[in-house]
Amino acid sequence: MEQEPNQSGPDFILPLTDEVKEINEIAFRNHAKIWAYSNAFLPVIRKLENNTLFLTLYYDSYRNRDIRQIEELCATYYREEFPGISYSECNVLKIWLDKEVSQEDIIKTNSMEELEKVFIKAIDQKNYNACIPYKGGLTIYALYLDYKFKYWNKLISQGFLEPDYEEKFQHRMMGEFCEVKAKEEKIFPKEENKFMASIHIFHKTGGEQPTNLDPKAINHFFKGNYAKDWAMRLGYIPTFKDYKDGVIHFDIISDPRCEDHDFFLAHFIASEYLKKVTVLKDATNFIANYFKANDIIGFLITSDEKDQLESLKERMDKSYAELPKKPQLVHYGAIPI
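Residues numbered from 1 in each chain as written. Predicted model: local features only at pLDDT ≥ 70, side-chain atom pairs only at ≥ 80, totals over all residues. Heavy atoms only, no water.

Caption draft 1: Inspection of the overall build of the protein at higher detail. Within the protein one finds 9 helices and 8 strands. A total of 337 residues make up the protein; the buried ones form 43% of that total. Here the contacts in the protein between residues at least 6 apart in sequence split such that 68% fall between residues at least 24 apart. Put simply, the protein shows about 19800 Å² of open surface, and 53% of that area lies on carbon and sulfur atoms. (Helix = DSSP H or I, 4+ residues; strand = E, 2+ residues; numbered from the N terminus. Buried < 20%, exposed > 50% of the residue type's maximum accessible area, 1.4 Å probe, protein only. Contact = heavy atoms within 4.5 Å. Areas by Shrake-Rupley, 256 points an atom, 1.4 Å probe, with all protein chains shown as cover.)

Here is the structure:
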């Protein structure tokens, strides 16, 4: 049984099936109202068909820098929290708000339908088509997203999307480090705190700043001065491809040693391009094609391990040769300045 469409509302409001209504109401009670109140975004299912989940994602414009994380959170939520739902693609239609939504109005709502109406009122009805940067929605391929909804939702509840989150996190980590250090010094007196360490000396071989957007020149500079070290120690390396209209295009290859979350690694590399490469200093966004290698893409050895050089090189060459022809993931986002 479908409800009649609201002819006076925006054309992204669709008639809903009973199944979709029920899912939206469960989402409203469990998470959506909290996200709307605390984080200024709201996902609402439009329809579920042909192995695709169609979402409308309303969000305050100050969330622009976080929107990719929010999209992936929503794309994984229904898959992980609703066992009966199965989809390989999640189509997200993003609607940003022209006005701030009142938290008092959010509190008063008792259903997803009421809550969505509150968000729709924050859109300038004369210009709402301008609020759809990707008309028809952007499709996220859910098969490539990790099953980490509970983890990311916990981070959001702890203030991950807030501007001062990183600073607070660093303070907390420093406090924990000092506590551990104090305990260590209590157990092991300072005169007994002896240890052996190996030092890796990294030689920059990328030369001077490139003077144009030639990918060969930029890769020589960036890889030789920065990225080759990442491949050796951390298991990832980027390759610059293009720069156009403020967008940096690059590839990322990572191996099993890389423990960083895919999107945040892409975000970090894009920020490093902006900070380290002068001709890219005006970049505002990035698009990253992500390739995952089966084995190492770089390595370090000590003088005592020279006998392993050939075998490690063979593993590395094989790893590059077996890379997929197409990226497993494509990430995009804004670059903080």
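Caption draft 2: The arrangement of the nonpolar core in detail. Grouped together as the largest cluster of nonpolar side chains are 47 residues, with contacts concentrated most on Phe41, Leu42, Tyr58, Tyr78 and Phe119. Core analysis: the second largest hydrophobic core is formed by 35 residues, Phe222, Tyr226, Ile237 and Phe286 among them. (Core = buried A, V, L, I, M, F, W, Y, C linked by side-chain atoms within 4.5 Å.)

Caption draft 3: Broad picture of unusual backbone geometry. Phi is positive for Asn51, which is not a glycine, with a value near 65°. With respect to the helices and strands, the residue Asn51 is situated in the loop between strand S1 (41-49) and strand S2 (52-60). Phi is positive for Asp245, close to 55°, though the residue is something other than glycine. Checked against the element boundaries, Asp245 lands in the loop between strand S5 (236-244) and strand S6 (247-254). Judged by its relative accessible area of 71%, Asp245 falls in the exposed class.

Caption draft 4: Main features of the sheet that holds S6. One open sheet accounts for 4 strands, arranged S5-S6-S7-S8; its pairing is mixed. Of all the strands in the sheet, just S5 and strand S8 (329-334) have a single pairing partner and so form its edges. Strand-to-strand, the axes of this sheet are offset by a mean angle of 20°, without reference to chain direction. Pairing geometry for strand S7 (residues 285-292) and S8, over 6 bridges, is antiparallel. (Pairing = 2+ DSSP bridges. Axes fitted to C-alpha atoms, helices over the stretch in contact; angles between N-to-C directions.)

Caption draft 5: How the structure looks around the sheet that holds S1. One open sheet accounts for 4 strands, arranged S1-S2-S3-S4; its pairing is mixed. The open sheet has two free edges, formed respectively by S1 and strand S4 (138-141), since each of these has just one partner strand. The sheet shows a mean angle of 25° between the axes of neighbouring strands, taken without regard to direction. Its contacts with the sheet put helix H4 (residues 112-120) on S1, S2 and strand S3 (89-97), and the angle it makes with S1 is roughly 120°.

Caption draft 6: Representation of the environment of Asn153 within the structure. Its location among the elements puts Asn153 in helix H5 (residues 149-157). Between the alpha carbons of Asn153 and Cys74 there is a distance of 9.7 Å; along the sequence they are 79 residues apart. Those residues in contact with Asn153 that lie beyond four places of it in its chain are His31, Trp35 and Leu73.

Caption draft 7: A look at the packing of helix H2 (residues 67-81) against H5. Here H2 crosses H5 at 130°, and the two axes come no closer than 9 Å. Judged on the interaxial angle alone, H5 and H2 are oblique. Considering the relative orientation of H2 and H5, their crossing is left-handed. Between H2 and H5, the residues in contact are Leu73, Thr76, Tyr77, Glu80 and Glu81 and Phe149, Lys150, Trp152, Asn153 and Ile156, respectively. Looking at side-chain class alone, the contact of H2 with H5 contains 5 nonpolar, 2 polar and 3 charged residues. (Parallel < 35°, antiparallel > 145°, perpendicular 65-115°, else oblique. Left-handed = near helix turned anticlockwise from the far one by under 90°. Nonpolar A, V, L, I, M, F, W, Y, C, P; charged D, E, K, R; others polar.)

Caption draft 8: A look at the environment of Lys276. Positionally, Lys276 belongs in helix H8 (residues 262-276). Exposure remark for Lys276: the relative accessible area of 23% places this residue in the partly exposed category. The spatial distance from the C-alpha of Lys276 to the C-alpha of Phe221 is 9.6 Å, given a sequence separation of 55 residues. In contact with Lys276, other than residues within four places in its own chain, are Gln209, Phe221, Phe222 and Tyr226. Of note is the side chain of Lys276, whose polar atom sits 2.6 Å from the side chain of Glu272. (Polar contact = N/O pair within 3.5 Å; in protein donor to acceptor, adjacent residues only side chain to side chain.)

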